[in-house]
Amino acid sequence: MVAQWLSPSSPTGGFSFSQGLEAAVSDGLDVSGLEDWIDGMLRFGSGRTDAILMASAARGEEVDDLALALAGSAGRRRELTETGAALQLLLRDSFALETAATAYPVVLGEAVRVRGLPVEPVAALYLQATVTALVHAGQRLLPLGQSRAQAMIHALGAVCCEIAEEAARSDIEEIGMATFSADIAAMRQAELPVRLFRS
């Protein structure tokens, strides 16, 4: 069920966002730096933050406004709200599950709470889906073949599990981001003269 919610084929539109990766590639990020860039996003940026927000929502905490306030750019906020609205529709129409939040990880956290699902494995799946989406964005932007892309996703899987374990026992006071280059790239994304991605 959760794998279906987070599947690339799920109609959330996550494939149309890159979290600033497109601008980073425009600024010179290449294939050799892609894995480190995604690793940094997971450990010190939106990955860890979203996992903690999801876990907090799963415990019944009101964190939707915080999730939106933490969006470092208009594009990132749009990504959170549009994918969140799409996940809400999927949950309502296909799973008879109502949620009130607007930010994607918080919507997911509310669904986890309603269904009584374990937080840590869902957080790991969420992070794995994030990694997969970013690597696939990298494939569209860089000369990154399928075999190397899959190896990258596999290598980052251990990081996903590590952060999911931490997020499951963390609270919102432990949120902190330090991905300045990625945040600046996300802000610059809107200024690119030609774009494949919306963030």
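Our subject is the structure that appears above.
All of the points below concern the structure found in this document. Quick caveat: nothing in here was measured; it's all calculated off a predicted structure.

**What about the overall build of the protein chain?**
Inference 1: On a plain count of helices and strands, the protein chain comes out with 10 helices and zero strands.
Inference 2: Listing the helices and strands of the protein chain from first to last along the sequence gives α-α-α-α-α-α-α-α-α-α.
Inference 3: At 16 Å, the protein chain has a C-alpha radius of gyration in line with the 16 Å of a compact globule built from 199 residues.
Inference 4: A principal-axis box enclosing the C-alpha atoms of the protein chain has dimensions of 45 × 35 × 30 Å.
Inference 5: A total of about 9100 Å² of accessible surface is found on the protein chain, and carbon and sulfur atoms cover 53% of it.
Inference 6: For the protein chain, the separation between the mean place of its 15 positive charges and that of its 25 negative charges on side chains is 5 Å.

**Side note on the packing of helix 8 (residues 119–141) against helix 9 (residues 146–168)**
Inference 1: Axis separation between helix 8 and helix 9 bottoms out at 8 Å; the angle between their running directions is 150°. By the angle between their directions, the pair helix 8 and helix 9 is classed as roughly antiparallel. Every pair of crossing elements has a handedness; the one defined by helix 8 and helix 9 is right-handed. Here Val119, Glu120, Ala123, Ala124, Leu127, Gln128, Val131, Thr132, Val135, His136 and Gln139 of helix 8 lie close against helix 9, whose contacting residues are Gln146, Ala149, Gln150, Met152, Ile153, Leu156, Gly157, Cys160, Ile163, Ala164, Glu165 and Ala168.
Inference 2: Of the residues that constitute the contact of helix 8 with helix 9, the class distribution is 14 nonpolar, seven polar and two charged.

**Regarding the nonpolar core**
Inference 1: In this structure, Trp5, Trp37, Ile38 and Leu42 are the most contacted members of the largest nonpolar core, which totals 65 residues.
Inference 2: Here this core takes 10 residues from helix 8, the largest share from any one element.
Inference 3: Excluding residues that lie within four positions of it along the chain, tryptophan 37 makes contacts with Ser18, Gln19, Gly20, Leu21, Ala24, Leu29, Leu134 and Ala182.

**Overview of the side chain of serine 73**
Inference 1: Along the chain, the position of serine 73 falls in the loop between helix 5 (64–69) and helix 6 (74–95).
Inference 2: Looking at serine 73, the relative accessible area reads 10%, which means it is buried.
Inference 3: Sequence-distant contacts of serine 73, that is, excluding residues within four places in its chain, are made with Ala186 and Met187.

**Side note on helix 4 (residues 46–58)**
Inference 1: Relative to the 18 Å expected for 13 residues at 1.5 Å per residue, helix 4 spans 18 Å between its end C-alpha atoms, a close match to the ideal helical length.
Inference 2: Counting buried positions along helix 4 yields 13 of 13 residues, so the element is predominantly enclosed.
Inference 3: Count one or two residues on from helix 4 and you reach glycine 60, which has phi positive near 90°.

**Focus: the packing of helix 6 against helix 7 (residues 104–115)**
Inference 1: Two elements in contact, helix 6 and helix 7, have axes separated by 7 Å at closest approach and are oriented at 30°. Between helix 6 and helix 7, the angle falls in the class roughly parallel. Across the interface between the two elements, Leu80, Thr83, Gly84, Leu87, Gln88, Leu91 and Phe95 from helix 6 touch Tyr104, Pro105, Val107, Leu108, Ala111 and Arg115 from helix 7.
Inference 2: The residue inventory of the contact of helix 6 with helix 7, partitioned by class, reads nine nonpolar, three polar and one charged.

**With respect to the pattern of salt bridges**
Inference 1: Within this structure, the stated rule accounts for nine salt bridges.
Inference 2: The salt bridge involving glutamate 82 is made with arginine 198; its shortest N-O contact spans 2.7 Å. Note that glutamate 82 is positioned in helix 6 and arginine 198 in the segment after helix 10 (180–188), a separation of 116 residues in sequence.
Inference 3: Put simply, Asp39, Arg43 and Glu162 are held in one network by salt bridges that share partners.

Rules of the game
- Residues numbered from 1 in each chain as written.
- Predicted model: local features only at pLDDT ≥ 70, side-chain atom pairs only at ≥ 80, totals over all residues.
- Heavy atoms only, no water.
- Helix = DSSP H or I, 4+ residues; strand = E, 2+ residues; numbered from the N terminus.
- Rg over C-alpha atoms; globule rule 2.2 N^0.38 Å.
- Areas by Shrake-Rupley, 256 points an atom, 1.4 Å probe, with all protein chains shown as cover.
- Lys, Arg positive; Asp, Glu negative; His and termini not counted.
- Charge placed at Lys NZ, Arg CZ, Asp CG, Glu CD.
- Axes fitted to C-alpha atoms, helices over the stretch in contact; angles between N-to-C directions.
- Parallel < 35°, antiparallel > 145°, perpendicular 65-115°, else oblique.
- Left-handed = near helix turned anticlockwise from the far one by under 90°.
- Contact = heavy atoms within 4.5 Å.
- Nonpolar A, V, L, I, M, F, W, Y, C, P; charged D, E, K, R; others polar.
- Core = buried A, V, L, I, M, F, W, Y, C linked by side-chain atoms within 4.5 Å.
- Buried < 20%, exposed > 50% of the residue type's maximum accessible area, 1.4 Å probe, protein only.
- Expected span 1.5 Å × (residues − 1).
- Salt bridge = Lys/Arg side-chain N within 4 Å of Asp/Glu carboxyl O.

Everything listed is a geometric property; what it means functionally is a separate question.
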